[in-house]
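For reference, the chains in residue letters:
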Amino acid sequence: PGAGKVVAAATKTAGQARRQRPSALGGKTRPLHEGEADLQRLLEALDLILQEVRSAYRPPVILVDGLDKLLELSKIRDLFVTARTLCEPACVIIYTGPITLMLAPEWKTTGDHFRRVRLSNFVVHAPRVEGVTIEATRIEEDRLCLRQLVELRLDARGFGIADVFEDESLELLIDSSGGLVRDLVHLINRSIRSTLKRDAARIAEQDVRIARDELRKDMDVSLNTMLRDELSHVEQLGEPSGKPDAHRLLLWGYVLPYTNGRVWFEPHPLLRA
């Protein structure tokens, strides 16, 4: 409330500058680089908003999701390693970062200006990599977290798991997700479509198999011989080869990282089935 009035003066000059220099993209946005005057004005306007929130309510915490979806290594490096723009706002901000950053030599450098946390996917089966062991209780706890997520979503609609899933169909969906919440949601959505086509009341294993086949085909389209060789390398050794295109499989979610004292990698279950 009132933030528009507070920042009007700070943004007026920047707005005039944008009108004088039409965007090369044809819209209202244009690239800005660290040190540019317009970027500094934008940061100053943001700080004024944050100060009002801090004064009138409580210290804000901002969650920025989506930066883990960046695919260009140069932009990842610029945002998290070279530039300091993400650290400029005067409040606590939590960013999601791309998996390739965690594996790059620059990961250590980011510790100079970010507090870093490696996030693992849920472990939904025993590691297939030789030399990696994990307690069965950890696997069951991670699988339980995914079941509870589904249960919470269903409860909001007045349903229970038994009302929607037949027998072991939910367990098969969890197996197929590889521990990624996003992929579990995609698989369930696809399974629902199949269930509706059958005019059935609950998701059965056959619906899960149809959903898996559909998503697998979507993934297969992107794979060439070199990338398939990389998948084989990861399956055998539990880590990427380090070749130039290996990062693509990580950024696409085709190779999944897990942690248990050490980091290991596995191909997505949909590419193994």
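Quick note: structure is the one above.
The rules behind each value
- Residues numbered from 1 in each chain as written.
- Predicted model: local features only at pLDDT ≥ 70, side-chain atom pairs only at ≥ 80, totals over all residues.
- Heavy atoms only, no water.
- Helix = DSSP H or I, 4+ residues; strand = E, 2+ residues; numbered from the N terminus.
- Buried < 20%, exposed > 50% of the residue type's maximum accessible area, 1.4 Å probe, protein only.
- Contact = heavy atoms within 4.5 Å.
- Areas by Shrake-Rupley, 256 points an atom, 1.4 Å probe, with all protein chains shown as cover.
- 1 Å grid on protein atoms, 1.4 Å probe; cavity = no way out; pocket = protein on both sides within 12 Å on 5 of 7 lines; lining within 4 Å.
- Points joined across faces, edges and corners; volume = space filled by probe spheres on them.
- Nonpolar A, V, L, I, M, F, W, Y, C, P; charged D, E, K, R; others polar.
- Pairing = 2+ DSSP bridges.
- Axes fitted to C-alpha atoms, helices over the stretch in contact; angles between N-to-C directions.
- Parallel < 35°, antiparallel > 145°, perpendicular 65-115°, else oblique.
- Left-handed = near helix turned anticlockwise from the far one by under 90°.
- Patch = residues over 30% accessible without salt bridge, like charges linked within 9 Å, V, L, I, M, F, W, Y side chains within 5 Å.
- Salt bridge = Lys/Arg side-chain N within 4 Å of Asp/Glu carboxyl O.
- Core = buried A, V, L, I, M, F, W, Y, C linked by side-chain atoms within 4.5 Å.

**Some remarks on the overall build of the chain**
- Looking only at helices and strands, the chain features 12 helices and 4 strands.
- Relative to its 273 residues, the chain shows a buried fraction of 36%.
- Contacts in the chain between residues far apart in sequence, at least 24 positions, make up 61% of those at least 6 positions apart.
- Only carbon and sulfur atoms are counted for the fraction: they give 53% of the accessible area of the chain, which is about 16,700 Å².

**Some words on the layout of surface pockets**
- What the largest pocket holds in volume is close to 1,500 Å³.
- Lining the largest pocket are 50 residues, with Asp 68, Thr 96, Gly 97, Pro 98 and Leu 119 sitting closest to its centre.
- Contributions of two or more residues to the lining of the largest pocket are made by strand E2 (92–95), helix H4 (99–103), helix H5 (106–110), helix H9 (181–197), helix H10 (205–220), helix H12 (246–252) and strand E3 (255–259).
- Looking at which element gives the most residues to the lining of the largest pocket, the answer is H9, with 5 residues.
- Here the residues of the lining of the largest pocket sort into 30 nonpolar, 10 polar and 10 charged.
- Taken as a whole, the second largest pocket spans an internal volume of roughly 750 Å³.
- Around the second largest pocket, the lining comprises 21 residues; the ones closest to its centre are Leu 32, His 33, Leu 39, Leu 79 and Thr 85.
- The set of elements that each furnish at least two residues to the lining of the second largest pocket consists of helix H2 (37–56) and helix H3 (73–82).
- The leading source of residues in the lining of the second largest pocket is H2, at 5 residues.
- For the lining of the second largest pocket, the per-class residue count stands at 11 nonpolar, 3 polar and 7 charged.

**Here's the deal with the pairing of strand E4 (residues 263–267)**
- Burial analysis of E4 places 4 of its 5 residues in the buried class, the great majority of the element.
- Where E3 meets E4, 5 bridges bridge the pair, whose relative direction is antiparallel. Paired with Pro 257 across the bridge in E4 is Phe 265.
- Where E3 folds back onto E4 in an antiparallel hairpin, the turn is made up of 3 residues, including Gly 261, whose phi is positive at roughly 90°.

**Structural notes on the packing of H9 against H10**
- Contact pair H9 / H10: the axes reach a minimum separation of 8 Å and the direction vectors enclose 125°. By the angle class used here, H9 and H10 are oblique. Considering how the two elements wind past one another, H9 and H10 form a crossing that is right-handed. In this structure, H9 uses His 186, Leu 187, Arg 190, Ser 191, Ser 194 and Thr 195 to contact H10, whose residues at the interface are Asp 207, Val 208, Ile 210, Ala 211, Arg 212, Glu 214, Leu 215 and Asp 218.

**Thoughts on a nonpolar patch on the surface**
- Together, Val 61, Leu 63, Val 92 and Ile 94 give the surface a local cluster of nonpolar side chains, amounting to about 400 Å² of exposed area.
- Elements with a contribution of two residues or more to the nonpolar patch: strand E1 (61–64) and E2.
- Inspection of the secondary structure assignment puts Ile 94 in strand E2.

**Here we look at the nonpolar core**
- Membership of the largest hydrophobic core comes to 39 residues, with the highest contact counts inside it found for Phe 80, Phe 165 and Leu 173.
- When residues of this core are traced back to their parent elements, those giving at least two are H3, H4, helix H6 (136–155), helix H8 (169–177), H9, H10, helix H11 (225–237) and H12.
- Setting aside residues no more than four positions away along its own chain, Leu 173 makes contact with Phe 165, Leu 184, Leu 187, Ile 188, Ser 191 and Val 208.
- In this structure, Val 132, Ile 134, Leu 180 and Leu 256 belong to the second largest nonpolar core, which totals 9 residues.

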